[in-house]
Amino acid sequence: MTSPQVDNTSDKPSADTSEEGYERGLGSRQVQMIAIGGAIGVGLFMGAGANIAKAGPSIILMYALAGVVIFFIMRALGELLLYRPVSGSFAEYAREFLGPFFGYVTGWTYWLMWIVTGMAELTAAAIYIHFWFPAIPQWVSALVFLVVLFGVNLISVKIFGEVEFWFSMVKVTAIIGMIVIGLGVLTLGFSDAGDTAATGNLWQHGGIFPNGIGSSLMTLQGVMFAYLAVELVGVTAGESENPEKTLPKAINTLPWRIIVFYVGALTVILAVVKWTEFSEGESPFVHAFAKIGIPLGAGIVNFVVLTAALSSCNSGMYSTGRMLRDLSANKEAPKALGRLNRRRTPATGIAASVALMGIGVVLNYIVPEKAFLYVTSVATAAGIWTWMMILISHIKYRSAVVAGRLPASSFPAPGGSALSWVALVFLSFVTCLIAYDSDARVSLYVGALWAVFLVAGWALLKSRNPELATRAPEGPNEPEFAKASD
């Protein structure tokens, strides 16, 4: 049974639009930088400070371990994307291989992930502004950024792509600069940190696991938050000019991005500044530059981490609008949320998402000191669900390919479905860690409440349209977007 047709205000897709009606306005340059930017966010620039304080130098190993698992997830997603590149990728694959209910849950949960991630990024951006202007309340800065980025996303996907390109360029340049300067401090001994900077800082001061292996493992939940958004490249599939070429390249370069931007940067920082000097609530990058004593260095890095936060929030607005449109196309969200404006942008869906991201502004007004912790834990739990659905869909797809029921992808994951099983076990372990942590456990309470809402919503949808639950899993449904253009 085919997906229902979504109402939109645009004409039939032309040669430069995707089957969903989007403009294919993202070039290779932009997709590559979106992929890079997705691996560099506030989880690294700000969240790493708390993780270093808990795990010491072993945090480098935690980021490396999580990075390996993330690569397994992305290769599984890559195989699915080249089998059938669609903008609502995660929800579409869950719908295809697990059934309509799981597509519905995945779509709405991924939407929730970006809503709360947007709140986290707005919170972080407001904290960074506080570095320069302590008199400005956090909620004011958060509100201003929310409105500005909303305007960017309404214009066109090309503008979004260009803004994201330059946001990512700033982040990449800053981290590479940090690594180069840090290596200079270690080898040449210049700067105020030259007397204490040494590779020995990586194993002295209590060893690699100064607080025990258990404490290091408990940071994995925060580490996984840092990797949220790497899967965003999958959402761009429906708006990429040449997905068959750009998506594999973006995914295959992920290990190098992790090695350089996470493992490399943290190794240099912890060699230059001993881990005991870092604390929760501050960026390790800002602290390291301040310690080195470069004039205006801390202010420059603060600008960079502000850019990182705004970049992620910008991506969140982009992603939520596309996911709501996919849900609307399958009659799992209100019809109005699926409409495209004349610029082929899902403006209504973006506007609805931004309105809810405004809750983050309220949190910054009510509990500014706890806002970041609350929203990051919820975002991590929602992200883990999304990754699990990608992995399970991949396992089901591989089974169908082996059985000859579906065509093979041009970008097969190494090891078939075996590594997807490994990643699933790892994500299950991280979920147990979240349940064990009294602070992060709030995300599971929110998740349980969210599940109640989703089940109630599904029951309501089925009562109005019983056909929703009758679609058999496994095998693509021809999108009504495409049928409308025939």
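Scroll up to find the structure.
So, a few notes on the structure that sits alongside this text. (Residues numbered from 1 in each chain as written. Predicted model: local features only at pLDDT ≥ 70, side-chain atom pairs only at ≥ 80, totals over all residues. Heavy atoms only, no water.)

## Brief notes about the packing of aromatic side chains
Consideration 1: A complete count under the given rule lists 13 aromatic pairs for this structure.
Consideration 2: Between Tyr63 and Tyr227 the ring centres are 6.3 Å apart and the planes differ by 65 degrees, which places this aromatic pair in the edge-to-face class. With a gap of 164 residues between them, Tyr63 in helix α4 (residues 59–83) and Tyr227 in the loop between α10 (220–226) and α11 (232–235) connect regions that are remote in the sequence.
Consideration 3: When its relative accessible area of 0% is taken as the criterion, Tyr63 is described as buried.
Consideration 4: Exposure remark for Tyr227: the relative accessible area of 0% places this residue in the buried category.
Consideration 5: Note on Phe101 and Phe102: the rings are 5.7 Å apart at their centroids and 75 degrees apart in plane angle, and the pair reads as edge-to-face.
Consideration 6: You can call Phe101 partly exposed: its relative accessible area is 29%.
Consideration 7: You can call Phe102 partly exposed: its relative accessible area is 32%.
Consideration 8: These aromatic residues form a ring-pair network of at least three members: Phe101, Phe102, Tyr104 and Trp458.
Consideration 9: Stacked on the ring of Phe411, the Lys or Arg Arg75 has its end atom at 4.1 Å from the ring centre. (Phe/Tyr/Trp six-rings, centres within 6.5 Å; stacked < 30°, edge-to-face > 60°. Helix = DSSP H or I, 4+ residues; strand = E, 2+ residues; numbered from the N terminus. Buried < 20%, exposed > 50% of the residue type's maximum accessible area, 1.4 Å probe, protein only. Lys NZ or Arg CZ within 6 Å of the ring centre and 35° of its normal.)

## Side note on the pattern of salt bridges
Consideration 1: Under the criterion given, the structure shown has six salt bridges.
Consideration 2: Of the charged contacts in the structure, one is a salt bridge between Glu96 and Arg84, with a shortest N-O distance of 2.7 Å. Here Arg84 lies in the loop between α4 and α5 (89–98) and Glu96 lies in helix α5, a separation of twelve residues in the sequence.
Consideration 3: Glu96 gets classed as buried once you look at its relative accessible area, which sits at 1%.
Consideration 4: On the basis of relative accessible area, Arg84 is assigned to the buried category, the value being 11%.
Consideration 5: Taking the shortest distance from any N to any O, the salt bridge between Arg95 and Glu332 comes out at 2.7 Å. Placement of the pair is Arg95 in helix α5 and Glu332 in the loop between α15 (297–329) and α16 (347–366), with a sequence separation of 237 residues.
Consideration 6: Classification of Arg95 as buried rests on a relative accessible area of 3%.
Consideration 7: Each member of the salt-bridge network shares a partner with another, and the members are Arg84, Glu92, Arg95, Glu96, Asp326 and Glu332. (Salt bridge = Lys/Arg side-chain N within 4 Å of Asp/Glu carboxyl O.)

## Considerations on a nonpolar patch on the surface
Consideration 1: A cluster of nonpolar side chains, Leu61, Trp203, Ile208, Phe209 and Ile213, forms an exposed patch at the surface whose accessible area comes to about 480 Å².
Consideration 2: The class for Ile208 is partly exposed, based on a relative accessible area of 39%. (Patch = residues over 30% accessible without salt bridge, like charges linked within 9 Å, V, L, I, M, F, W, Y side chains within 5 Å. Areas by Shrake-Rupley, 256 points an atom, 1.4 Å probe, with all protein chains shown as cover.)

## Re unusual backbone geometry
Glycine aside, negative phi is the norm for most residues, and most peptide bonds take the trans geometry.
Consideration 1: You will see that His205, though not glycine, has its phi angle at about 60 degrees, which is positive.
Consideration 2: Along the chain, His205 falls in the loop between α8 (157–188) and α9 (213–218).
Consideration 3: In this structure His205 comes out as partly exposed when scored by relative accessible area, which is 34%.
Consideration 4: You will see that Lys331, though not glycine, has its phi angle at about 60 degrees, which is positive.
Consideration 5: Relative to the assigned elements, Lys331 resides in the loop between α15 and α16.

## Notes on the packing of helix α6 (residues 100–132) against α15
Consideration 1: Across the interface, α6 lies against α15 with an axial gap of 8 Å and an inter-helix angle of 160 degrees. As the angle between them shows, α6 and α15 are arranged roughly antiparallel. Crossing handedness for the pair α6 and α15: left-handed.
Consideration 2: Taken together, the residues that form the contact of α6 with α15 break down as 23 nonpolar, eleven polar and one charged. (Axes fitted to C-alpha atoms, helices over the stretch in contact; angles between N-to-C directions. Parallel < 35°, antiparallel > 145°, perpendicular 65-115°, else oblique. Left-handed = near helix turned anticlockwise from the far one by under 90°. Nonpolar A, V, L, I, M, F, W, Y, C, P; charged D, E, K, R; others polar.)

## Some points on the side chain of Thr380
Consideration 1: Structurally, Thr380 is set in helix α17 (residues 371–402).
Consideration 2: Overall, the relative accessible area of 3% leaves Thr380 in the buried class.
Consideration 3: Aside from chain neighbours lying at most four places away, what touches Thr380 is Gln221, Met224, Phe225, Leu228 and Ile434. (Contact = heavy atoms within 4.5 Å.)

## Re the packing of α4 against helix α13 (residues 254–272)
Consideration 1: Contact geometry for α4 and α13: axes closest at 10 Å, N-to-C directions at 170 degrees. Relative to α13, the element α4 is oriented roughly antiparallel. Residues Ile59, Ile60, Tyr63, Ala64, Gly67, Ile70, Phe71 and Met74 of α4 pack against Leu254, Pro255, Ile258, Tyr262, Val263, Leu266, Thr267 and Leu270 of α13.
Consideration 2: A class-by-class count of the residues in the contact of α4 with α13 yields 14 nonpolar, two polar and no charged.

## With respect to the nonpolar core
Consideration 1: With 141 residues, the main nonpolar core has Tyr227 and Trp387 as its most contacted residues.
Consideration 2: It is α6 that contributes the most residues to this core, 18 residues altogether. (Core = buried A, V, L, I, M, F, W, Y, C linked by side-chain atoms within 4.5 Å.)

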